Amino acid sequence: MSAAAHLFAERGFRGVGIEQIGAAVGISGPGIYRHFPSKDAMLVELLVGISRHLLDGAHAARAAGGSGADTLDRLVRGHVDFALDHPELIVIHDRDLGSLPGEAAREVRRLQRAYAEQWVEVLRDARPELDAPTARARAHALFGLINSTPHSAHDLDRLQMAAMLRAMALGAARS
C-alpha cells in the first residue's frame, strides 16, 4: 500500500500500472492480485481507509474528555500528524478522488462529512458563540491550512513543521 501510495502521488492513479506497483515491492505485477483484486481496490483501500482512520481519531479525541480547547488541541494534533506522515494521501485525494468507483467515492465523502462534523461540534464546544455554518467553514479552512503540507513541508524538519502548523491552526480556530 505504501508503494502504491507513493507511486499514485508521484504519477497519478491513471499514470501507474500494476507492473510498476509490483516492481516497487519486488514482485511481478500479477503478484499484486494475490493481495488486491485490482488497482482500483488499492485506491479504495487508501482513500476509504484514511477517511475511516481520521474519523476514528476524531471520536477518540472527543472520548478522551476535557475541555473543548483540550479536545480541539487533540484534533489538531491528530490531523497535523496525518498530514505530515501521509502527505501522499492528501495529494491522491486531491487529484484522484474522481477515479474511485461510485460507491467508494460516496463512502469517502460520507466519512469526511462525519469527520468534519466532529470538528464542528468541538469548535462549538471551544467557542460557544459560533453557529454551525461558521464552525463548519472554520473546520474546512483549518483542513486547508493543515493539508497544505505536501506543498510546503520540505524546508523544515518534522518537529518544527508540526509545531508551526499546530500553533497556526489553533490560532486560527481561536480567532
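Residues numbered from 1 in each chain as written. Predicted model: local features only at pLDDT ≥ 70, side-chain atom pairs only at ≥ 80, totals over all residues. Heavy atoms only, no water.

Novice: Please give an account of helix α5 (residues 87-96) that cites residues and values.
Specialist: Those residues of α5 not exposed but buried are L89, I90, I92 and D96. The elements touched by buried residues of α5 are α1 (2-11), α3 (39-63), α4 (68-85) and α8 (149-152). (Buried < 20%, exposed > 50% of the residue type's maximum accessible area, 1.4 Å probe, protein only. Helix = DSSP H or I, 4+ residues; strand = E, 2+ residues; numbered from the N terminus. Contact = heavy atoms within 4.5 Å.)

Novice: Which residues make up the nonpolar core, and what are the values?
Specialist: Among the nonpolar cores identified, the biggest contains 55 residues, and F8, I21, I92 and W119 are the most heavily contacted of them. When residues of this core are traced back to their parent elements, those giving at least two are α1, α2 (18-24), α3, α4, α5, α6 (102-126), α7 (132-146) and α9 (158-174). Among residues more than four places away in sequence, those in contact with F8 are F13, V16, I21, K39, M42, L43, L46, I92, R95 and D96. (Core = buried A, V, L, I, M, F, W, Y, C linked by side-chain atoms within 4.5 Å.)

Novice: Break down the packing of α4 against α5 for me, citing the residues and quoting the values.
Specialist: Between α4 and α5, whose axes approach to 4 Å, the crossing angle comes to 85°. The orientation of α4 relative to α5 falls into the category roughly perpendicular. Contact residues: α4 offers F82, A83, L84 and D85, while α5 offers P87, E88, L89 and I90. (Axes fitted to C-alpha atoms, helices over the stretch in contact; angles between N-to-C directions. Parallel < 35°, antiparallel > 145°, perpendicular 65-115°, else oblique.)

Novice: Summarise the UniProt feature "domain: HTH tetR-type" (unreviewed entry) in the protein chain; cite the residues concerned and give the values.
Specialist: In this structure's numbering, the residues bearing the UniProt feature "domain: HTH tetR-type" (unreviewed entry) are residues 1-54. Its end C-alpha atoms 17 Å apart, residues 1-54 is made of 61% helix and 0% strand. (UniProt positions renumbered as here; feature names shortened; annotations may be inferred.)

Novice: Before we move on, could you go through the packing of aromatic side chains and cite the residues and values that matter?
Specialist: Scanning the entire structure with this criterion turns up 4 aromatic pairs. Measuring from centroid to centroid gives 5.4 Å for Y115 and F143, while their planes differ by 15°, and the two rings are stacked. Of this pair, Y115 sits in helix α6 while F143 sits in helix α7; the two residues are 28 residues apart in sequence, bridging distant segments of the chain. Given the relative accessible area of 10%, F143 is considered buried. Members of the aromatic cluster, joined through ring pairs, are Y115, W119 and F143. (Phe/Tyr/Trp six-rings, centres within 6.5 Å; stacked < 30°, edge-to-face > 60°.)

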